[in-house]
Every structure is written in C-alpha cells, then in structure tokens.
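# Descriptive structure summary
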Amino acid sequence: MVNRRRRKADRLTLTSMLGAGQLMAAVAALAVAGVVLLVYQVLSLHQALNSETRVQAAIVADNLAAPLMFRDRDAAADALRALRSAPYFRWVAIYDQQGLLFEYYGVNGHVPVAERHALDWLHSAQETAPIEYRGKVLGKVVLAHGTRGIREAMAHYLGLVILASLGALLLAQLLARRTRARVVAAERELDYLAHTDQVTALPNRRASYGLLEEAIAERGADGGRLALLLIDLDNFKVVNDTAGHSAGDDLLRQVAGVLGAVVDGSGTVGRIGGDEFAIVVPAVAGRAEARALAEKVTEALRSPFQVGGSEMFATASVGMCMYPDDAVSMGELVSRADTALYHAKQTGRNRLAEFLPAMTLQTQRRVQLERDLRRALDHGELAVHYQPQFECASERMVGAEALLRWHHAEHGFISPAEFIPVAEDSGLIVALGRWVLERACADAVTWQCPGAAPVSVAVNVSARQLRERGFLDEVVAALRASGLPAALLELELTESVLMEDVQAAVQFMRDARALGVRLSIDDFGTGYSSLAYLQSFPINQLKIDRSFLQSLPGEGSTIVSAVISLAQDFQLTVVAEGVENREQLEWLQRAGCTYAQGYLLGRPMPAAVLLEVMAEGRKSRTYRGTADAPHRV
Ligand code: C2E
Ligand code: CA
Ligand code: CA
C-alpha cells in the first residue's frame, strides 16, 4: 500500500509541476512579447507624430514668410489659427531672426514652452521649421502636438495584448490539461504493465514482493503474523508442450481464478514465474489458519480443469513460511518458503510443505553433496553396479541394468535417489551419465560369450542428458570405443523426460533406433499417464514401476495385467521391476510378462561379481544370485 501511495503521489506532483511550469513559461513569454510589442508601438507612434508635426510646421512656415517680413501680426495669427483643427494640436509659435517671439497661437490654454526637458517627448512632440524667403532665413516656426492620441492608442493596445494573452493562456491551459490527462493515462498504463502479469492480470513478481514487503512492515509495526505461500504447478510444462501455449495460458488463468476464489479477499494472489504463484496472507491468527488456507489451495487444484475441450490436471506443490515465526526479513521469508516448496516437490509433489529449520540443513547437505560429487569421479568414489534382468518364461538372464553407486569417503554409501537429483539440478549428471554409459558399454562387452545368448545392458538417461545436443554422439562414441553391438545397448527414459520436449525426444528416439539401440520407458505408469504417446514414441519396451509390483498379487494385478496387454497390442516387451518374491514372479509368468528384475533374481552388484555370477550360472544353465546381498532362489 505504502509503495502504491508513494507512486501515486510521485505521479501527481510530476504532472502538476508539468502544468504549473508550462503555465509560468507561457505567462513569461507572453509578458515579454507584450512589452516588446508595446515599446515598439510607442516608438513608432512617436515617430509618426514627430514627422507629422515636422511636415505641418514646414507647411505653416511656408505661409509665414510674408507676414513675418512685413511684421503683419494679424496675417500671421490667421495662418497659425489654421492649425486649430489639427488633431492633438497644442500650440504654434513664430520667432524672428533674433529668436524673439513674434506671434503664437495655442489651444486649451497651452502656451509656447521654449525649454524642453528630457522626458518631455512623452507628453508632446515639438518640431521646428525655418521661415525662409529666397534662401534667407527670416525666423522659425515651432509647433507642438500633444501625445494624448498615443496614450489612447497605447491603452487600446495594452487592452488588446492583455485580452490576446488571456485567450492564449486559456488555450494553452486547455491544451496542457489534455496533455496532462494523456500523460496521466500513459503513466497509469505503464504502472499497470510494470506491476501486472499479462496472462492472468494478477500482480507480477515485482508487485507481489512489493505487497509482501508492505505487509511485513505492517506486521512489524503491529506485532501480528503473516503467511507466504509459494505454489508451483506440477505438470505445467507437459500441458504447455502437449496442448500448446494458448492452452497453457488458459490453464494459468483458470488456476489464477481458483486461487483467487480460495483466498477470497483474505490475501493477495500473484504470479511470480512461469508456473509459480505466490499468496501473501497479510494477517493470520496463527499457523493453523495459514495451514488450513494452504490445504484449501492444494485441494482446490486437485480438481481437473477444462482446457480446449479436454480435461487437464494442474496439481500443485505448495511451500509455506510464516512471519515472524520462520523468518523476519522478506529475503529470508521468500527463500524459506522456496525451501519448503522444494521439499514438497522432492517428496512427491501435489502436497503442502511447511518450512522447518531441518529443511535448511537438508539444503546445506545438498550443497555439500554437490560439492563432493564434483570430486567423486576423480577420487574414484563412483562405481557402476549391475542388476540382472531375466526372461520370465525361461528364467534366463538376458541383460543387466547399470546403476550408479557412490561410496563417499566420509559419509559412506549414498543412495542414488539422493545424489542423482543433485547431479541433475547441478548439471553434473551430464558428465556422470557419460561416464556410466562408457563403463556400461565396456563392461557389457566382457559379458558376451561365444555360443551363448547375448546379454544386453540398460543405462538410465536423465532429462538433462537428453537436452544436451551431443548426447547421441556420446552414445555412438561409447559403442565405438567399447565395440559393443548397438542392439545390446538399451536406454531407459522416463515419461517425464520424454514429455519435457516431445519433438526433440521423438527425434532423438528415431535417431537412436536408427543406430539399432533399444529404448524403454522406465517407471511406466508413474509419470504423465497419457497413452496417446505410445503411438508416436518409437520405443521397444515398457518397464512397470516397482510400486505396482508391491501389491502383486492382489490389487496391483489389474494395472499390471492392463500394462502387459497394452504392451502386447503395441508389440512392446515388458519388464517388471522390483520382483521380490516367488509369488510375484509366477504371477508375471502367467500374465505373459516378458522380463523380470528384482531382489528375488539378483541385487545390483559390482561388474566383477556379476561376471562371477554369470560364469557360475553358465555352469548351472541359469544366472541367478547376487553379491550386493547374496540371494539365491
Ligand atoms: P530406477 O531406474 O527405477 O532403478 C531401479 C531401482 O530399484 C534401483 O535403485 C534398484 O536398486 C531398485 N530395485 C531393484 N530391484 C528392487 C527390488 O526388488 N526391491 C526394491 N525395493 N528395490 C529394487 P537405485 O539403484 O537406488 O537407483 C535409484 C534410482 O536412481 C534409479 O531408479 C534411477 O532413477 C537413478 N539412477 C541410478 N543410477 C543412475 C544412472 O546411472 N543414471 C541416471 N540418470 N539415473 C540413475
Ligand atoms: Ca531404470
Ligand atoms: Ca524404474
């Protein structure tokens, strides 16, 4: 509020100063022009009066030679009286050769004045003409006119100038007012653009943080509490990529509407990023109230949206942080709400996470992990383990999945579930993935045995790797360097990886298939479950996620058999992963599942152990057992 008010005040003073300034400049310009005009008029009127006086004096002088010569005063007086009707005439006098007054004539009591003072020209125009006869000067005529005419004319002029100036000022004022109105409108528009998100018409990032700052200042003053909720849509990118940007915009508008309805005046909703929203609840009684609102938000977004005629889901992860309980400054509040949001996303999305101090420790651990992971490869802390995959029908080993292992010098074994996301976020996965690919291809070459069935290797590929332009070249290079036939390499891609950029993913898959490499969809059923893409993606295999196997036999059987028959329809093979007991394996064999992978058949193990297991298995005609945690069937 404070900011907004300040902006309004700035705008008003700016525009009113513009108006007053313009007005003063116009008045000054008009005053200067008026003075110049008036002075010029005075001077030219005086000049005209002087020359008229001079001409009349000369005419009178011509008629006075005889009267003066014969000193005929009556005749002289007659000649002088002829001037009485001349406008503004005052007096006329005749002086003889000696300069003595011979005769004069004046009106309204004016008498000749010989001496002239400096400012007399203001009151009268006085001119002298010689009286001559045949070249001889007999005397002179002095004629005086009053300047009342000039003053009257000047008074008129002044009136006119003032009138014209007032008119001009009025016009200028009208124009200025219109300009000012336009400036104000333009400023308002700019202000709107600078603080409003164009898609949803909600306050944008800048405005949202401004509102948060104001709310913090207000709560700081009254000792109250406020809540900040950061909301991130879970699958927005997928919607944007599959349904197009205008559908994405439509969805964002609908989400904005839902958030506005949930908040219902108790706070402000803003869009602070592509698919990120912020809700500032400027006054809450306590954590429970804020939590209730945040839960309403997650709940409301679980309902499907109608976008472009089809139903779409825009579930959201929400991070919540309270002032002053969790943070006291704006930067801290935003960063901690973000930490909570990150936590919500990491723990499965579509949920609310409140900030806890332990989360900061987790963030610190991530930072530390990232730093250590950079050195892990050089320090020889990384290794690739292999988990065997079996053909369900024959129970023969047909391949193995490469799984990265990190044995940290200090912390011991660190789960890939923890460090792979760190590697993905930091981009380290590109280098690590390349290393795994090279190792896996090189190791797989050692598994092949003349006369025995070939054994393939499956390598996990993360989104970040697929986004790298040269990834396909890396695959080609790894195959070439190891000599592994392309048909024995399988790349495991997840649904979300493929949906990130569908076009690029399809292109990559076509190129990879052209090389002869096999492709499988990992964790099938957990990502964006659209079956439509099965038709457009050139894949070979589906890997049913472990979570479905857990409830097998039992409630999971419906989904697993549906996936198996779906795969058969599309001529795809199926791998069931996470097979932990004999019952599950037998169920899968009956259901017609192609391959199985899991602790029952073998845990992930170092390459050397896998080789031993394979050699042993060859003797007993099957490959079973592990070294990670030896397990025999
Ligand atoms: P994933 O690709 O789904 O790998 C299968 C995971 O399930 C592995 O966990 C494996 O040890 C585990 N698993 C296999 N059989 C069973 C079973 O019967 N029961 C249970 N409970 N678990 C079983 P792991 O090795 O911890 O890997 C976790 C995830 O880390 C992998 O999931 C994969 O997404 C990622 N990952 C591992 N290595 C790499 C890699 O080299 N590159 C990339 N991009 N990701 C990797
Ligand atoms: Ca995998
Ligand atoms: Ca998997």
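Given the structure is predicted, the values throughout are model-derived calculations rather than measurements. Think of each chain on its own: its residues are numbered from 1, step by step along the sequence as written. Chain A is the first chain written and ligand 1 is the first ligand written, with later ones labelled in order. Restriction of local features to residues with pLDDT of at least 70 applies here, the model being predicted, together with a cutoff of 80 or more for giving and counting side-chain atom pairs; totals for whole chains, interfaces and linings are based on all residues. Water and hydrogen atoms play no part in the side-chain values, which are based on all heavy atoms of the structure.

## So, the sheet that holds strand β4 (residues 136-146)
For two strands to be treated as a pair, DSSP must find at least two bridges joining them. Secondary structure elements are defined from DSSP: runs of H or I of at least 4 residues count as helices, runs of E of at least 2 residues count as strands, and each element is numbered from the N terminus. The antiparallel open sheet is built from 4 strands, whose spatial order is β2-β1-β4-β3. A single partner strand is all that each edge strand has here, and the edge strands are β2 (101-106) and β3 (124-133). Direction aside, neighbouring strands of the sheet carry axes that sit 15 degrees apart on average. Sheet topology places β3 next to β4; 10 bridges connect them, and they run antiparallel. When the sheet's bridge partners are listed, Ile 131 is paired in β4 with Gly 139. Contacts from helix α3 (residues 73-81) reach β1 (89-96) and β2, with the element oriented near 35 degrees to β2. Where helices are involved, their axes are fitted lines through C-alpha atoms of the stretch in contact, as for all axes, and angles between N-to-C directions lie from 0 to 180°. For this analysis, residues touch if any pair of their heavy atoms sits within 4.5 Å.

## Comments concerning the domain arrangement of the protein
Along its sequence, the protein is carved into domain 1 (2-150), domain 2 (205-355) and domain 3 (388-619). The centre of domain 2, based on its C-alpha atoms, is set 37 Å off from the matching centre of domain 3. The interface is formed by 6 residues belonging to domain 2 together with 7 residues belonging to domain 3. Of the roughly 540 Å² buried between domain 2 and domain 3 on both sides combined, carbon and sulfur atoms contribute 61%. Domain borders in the structure are assigned automatically or taken from a domain database. By buried area we mean the combined loss of accessible area, with a 1.4 Å probe, across both parts when two parts are placed together.

## Examining the coordination of the calcium ion (ligand 3)
For the calcium ion (ligand 3), the full set of protein donor atoms is Asp 522 (OD), Asp 523 (OD), Glu 577 (OE) and Glu 577 (OE), at a range of 1.9 to 3.2 Å. Think of the donor list as every N, O and S atom within 2.8 Å of the metal, or within 3.2 Å for Na, K and Ca; water never makes the list, so a site can look incomplete. Donor residues for the calcium ion (ligand 3), ordered by position in the chain, follow D-D-x53-E. Relative accessible area decides the class of each residue, using a 1.4 Å probe on protein chains only: under 20% of the type maximum gives buried, over 50% gives exposed, and in between gives partly exposed. Taking relative accessible area as the criterion, Asp 523 reaches 25% and is therefore assigned partly exposed. Classification of Glu 577 by relative accessible area gives buried; the value is 11%.

## Some details on a nonpolar patch on the surface
Patch rule: a residue counts if its relative accessible area is over 30% and it has no salt bridge; like charges are joined within 9 Å, and nonpolar side chains (Val, Leu, Ile, Met, Phe, Trp, Tyr) within 5 Å. In this description, accessible areas are obtained by the Shrake-Rupley approach with a 1.4 Å probe, and a residue is regarded as covered only by the protein chains that are shown. Salt bridges are identified by distance alone: a Lys or Arg side-chain nitrogen within 4 Å of an Asp or Glu carboxyl oxygen. Taken together, Val 35, Val 39, Leu 43, Leu 119, Trp 121 and Leu 122 make up a surface patch of nonpolar side chains, about 550 Å² in accessible area. Among the secondary structure elements, those contributing two or more residues to the nonpolar patch are α1 (2-62) and α4 (120-123). Here the nonpolar patch takes 3 residues from α1, the largest share from any one element. Mapped onto the secondary structure, Val 35 falls in helix α1.

## Thoughts on the site of ligand 1
For ligand 1, the set of nearby residues contains 20 residues, the closest of which are Gln 387, Arg 405, Arg 546, Glu 580 and Tyr 599. Take Leu 404: an N or O atom from its main chain is 3.0 Å from a nitrogen atom of ligand 1. In the environment of ligand 1, an oxygen atom lies 2.8 Å from a nitrogen or oxygen atom belonging to the backbone of Tyr 599. Within the complex, the protein chains bury 85% of what would otherwise be the 800 Å² of accessible surface of ligand 1. Those elements giving two or more residues to the shell around ligand 1 turn out to be β13 (397-408), α12 (416-426) and β17 (518-524). Residues are labelled near a given molecule or strand when at least one of their non-hydrogen atoms is within 4 Å of it. Contacts described as polar in this section are N or O atom pairs within 3.5 Å, which, within protein, must combine one atom able to donate a hydrogen with one able to accept it, while residues neighboring in sequence count only if both atoms come from side chains.

## Concerning the coordination of the calcium ion (ligand 2)
Around the calcium ion (ligand 2), the protein contributes the donor atoms Glu 401 (OE), Asn 460 (OD1), Glu 492 (OE) and Asp 522 (OD), at 2.1 to 2.3 Å from the metal centre. Look at where the donors of the calcium ion (ligand 2) fall in the sequence and you get E-x58-N-x31-E-x29-D. In this structure, the calcium ion (ligand 2) lies 3.9 Å from the calcium ion (ligand 3), and both are coordinated by Asp 522. Taken together, the positions of Glu 401 in strand β13 and Glu 492 in strand β16 (residues 489-494) put the pair 91 residues apart, joining distant regions of the chain. Glu 492 matches Glu 401 in its accessibility class, with the two residues each being buried.

## Let's talk about the sheet that holds strand β11 (residues 352-354)
Pairing is mixed in the open sheet, where 5 strands are placed in the order β6-β7-β5-β10-β11. Each edge of the open sheet carries a strand with a single partner, namely β6 (268-271) and β11. Here the strands of the sheet are splayed against their neighbours by 20 degrees on average, with no regard to which way each runs. In this sheet, strand β7 (residues 276-284) lies alongside β6 in antiparallel orientation, the contact comprising 4 bridges.

## Some words on the nonpolar core
Counting 88 residues, the largest nonpolar core has Tyr 386, Leu 489, Leu 491, Met 509 and Leu 588 as its most contacted members. In terms of residues, this core owes the most to one element, helix α13 (residues 429-447), which gives 9 residues. The next biggest cluster of nonpolar side chains, apart from the first, holds 33 residues, and it includes Leu 252, Val 262, Leu 293 and Val 318. Among the buried residues, those of types Ala, Val, Leu, Ile, Met, Phe, Trp, Tyr and Cys that are joined through side-chain atoms within 4.5 Å form a nonpolar core.

## Quick look at the side chain of Asn 540
Looking at the secondary structure, you find Asn 540 in the loop between α18 (533-536) and β18 (541-544). There is a polar contact of 2.7 Å between the side chain of Asn 540 and the backbone nitrogen of Leu 519. Setting aside residues no more than four positions away along its own chain, Asn 540 makes contact with Arg 513, Val 517, Arg 518, Leu 519, Leu 572 and Thr 573.

## Notes on the state of the cysteines
We call a pair of cysteine sulfur atoms a disulfide when they lie within 2.5 Å. On inspection of all chains with the given rule, the structure shows 0 disulfides. Just so you know, Cys 392 is unpaired, no disulfide at all, and the nearest cysteine sulfur is the one on Cys 593, 4.2 Å from it. Just so you know, Cys 449 is unpaired, no disulfide at all, and the nearest cysteine sulfur is the one on Cys 441, 19 Å from it.

## Overview of the packing of aromatic side chains
Centres within 6.5 Å make a pair out of two Phe, Tyr or Trp rings, where for Trp the six-membered ring is used; the pair is then stacked when the planes are under 30 degrees apart, edge-to-face when over 60, and tilted otherwise. Inspection of the entire model under this criterion finds 4 aromatic pairs. Arranged with centres 5.5 Å apart and planes meeting at 90 degrees, the rings of Trp 406 and Phe 419 form a pair that is edge-to-face. One end of the pair, Trp 406, is in strand β13; the other, Phe 419, is in helix α12, and 13 residues separate them in sequence. Just as Trp 406 is buried, Phe 419 falls in that class too. Between Phe 471 and Phe 508, the ring centres sit 5.5 Å apart and the planes meet at 35 degrees, which makes this aromatic pair tilted. Placement of Phe 471 in helix α15 (residues 471-482) and of Phe 508 in helix α17 (residues 502-515) is noted, with a sequence separation of 37 residues between them. We classify Phe 471 as buried; its relative accessible area is 3%. You can call Phe 508 buried: its relative accessible area is 9%.

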